[in-house]
Amino acid sequence: MFRRDQFGFVFNTIFSIFFSLVLTAFIQFQQHTLSLGTLVPGFVSAFAVNFTLGSFIPLVKVGNGFASIFTKNEKSIVFYLLRMFMIVLIMTAGMSFIMMFIEMGFSGALLPAFLFSFLPTFAFAYCAGALCFPLLLKLTQSLCVK
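Rules behind the numbers
Residues numbered from 1 in each chain as written. Predicted model: local features only at pLDDT ≥ 70, side-chain atom pairs only at ≥ 80, totals over all residues. Heavy atoms only, no water. Helix = DSSP H or I, 4+ residues; strand = E, 2+ residues; numbered from the N terminus. Polar contact = N/O pair within 3.5 Å; in protein donor to acceptor, adjacent residues only side chain to side chain. Contact = heavy atoms within 4.5 Å. Core = buried A, V, L, I, M, F, W, Y, C linked by side-chain atoms within 4.5 Å. Buried < 20%, exposed > 50% of the residue type's maximum accessible area, 1.4 Å probe, protein only. Expected span 1.5 Å × (residues − 1). Arc of directions from axis to C-beta. Axes fitted to C-alpha atoms, helices over the stretch in contact; angles between N-to-C directions. Parallel < 35°, antiparallel > 145°, perpendicular 65-115°, else oblique. Left-handed = near helix turned anticlockwise from the far one by under 90°. Nonpolar A, V, L, I, M, F, W, Y, C, P; charged D, E, K, R; others polar.

1. Looking at the side chain of S20
- Structurally, the position occupied by S20 is in helix 1 (residues 7-30).
- A polar atom in the side chain of S20 sits 3.3 Å from the backbone oxygen of A46.
- Leaving out residues up to four positions away in the same chain, S20 has contacts with F43, A46, F47, N50 and M95.

Laid out in structure tokens, this is it:
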């Protein structure tokens, strides 16, 4: 379906769709506002933010660089978990802050609201990302066969 040289673009698209949908649903669930009417517009704007972040920030390079500080074995589970930690940290921080800014504007409540909601959102995103990353990678590999 896609060429092998498009792997990065396809993976960024799939990961952004997954990450946006999961985090938007989680945040709306926490706020007791989860419904199809709120999920769809939230997902669309979150996808735009995540896709842009993933397109301009070399997340895999940053994640690999961070993980290589602690371990050199790229095939180890520790390396994988540390790499995912940094990737998810960047994506969650960027998405959460920008989405809150879109909703709240620049106000005095922006930073406290971001700091209050960041840890539970990051914990959920890290678990979801670490568990589903291999599946998303397999899906991308199956789509990029030409």
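2. Focus on the nonpolar core
- Grouped together as the largest cluster of nonpolar side chains are 29 residues, with contacts concentrated most on F15, F19, V88 and M95.
- For this core, the secondary structure elements donating two or more residues are helix 1, helix 2 (36-56), helix 4 (77-104) and helix 5 (110-143).
- Ranked by residue count, the leading element in this core is helix 5, at 9 residues.

3. Some words on the side chain of S16
- As for its placement among the helices and strands, S16 is situated in helix 1.
- By relative accessible area, which is 0% here, S16 ends up buried.
- Every residue in contact with S16, bar those within four places of it in the chain, is listed here: F47, N50 and F51.

4. Side note on unusual backbone geometry
- Unlike most non-glycine residues, H32 shows phi in positive territory, near 60 degrees.
- As for its placement among the helices and strands, H32 is situated in the loop between helix 1 and helix 2.
- For H32, a relative accessible area of 73% translates into the label exposed.

5. What about the environment of V40?
- Within the element layout of this structure, V40 appears in helix 2.
- Here the alpha-carbon distance between V40 and L21, two residues 19 residues apart in the chain, equals 8.7 Å.

6. Regarding helix 3 (residues 59-70)
- The first and last C-alpha atoms of helix 3 sit 17 Å apart over 12 residues, in line with the 16 Å expected at 1.5 Å per residue.
- For helix 3, the full list of buried residues reads L59, G63, F66 and A67. The buried residues of helix 3 occupy an angular sector of 95 degrees when the element is viewed end-on, so they sit on one face. Relative to its buried face, helix 3 has exposed residues pointing more than 90 degrees away, namely K61 and I69.

7. Things to note about the packing of helix 1 against helix 2
- Where helix 1 contacts helix 2, the two axes come as close as 8 Å, and the packing angle between them is 140 degrees. It follows that helix 1 is oblique to helix 2 by the angle criterion. Handedness of the helix 1/helix 2 crossing: right-handed. Each of F9, N12, T13, S16, I17, F19, S20, L21, T24, A25 and Q28 in helix 1 lies in contact with helix 2, whose residues at this interface are T38, L39, G42, F43, A46, F47, N50, F51, G54 and S55.
- Residue composition of the contact of helix 1 with helix 2, by class: 10 nonpolar, 11 polar and no charged.

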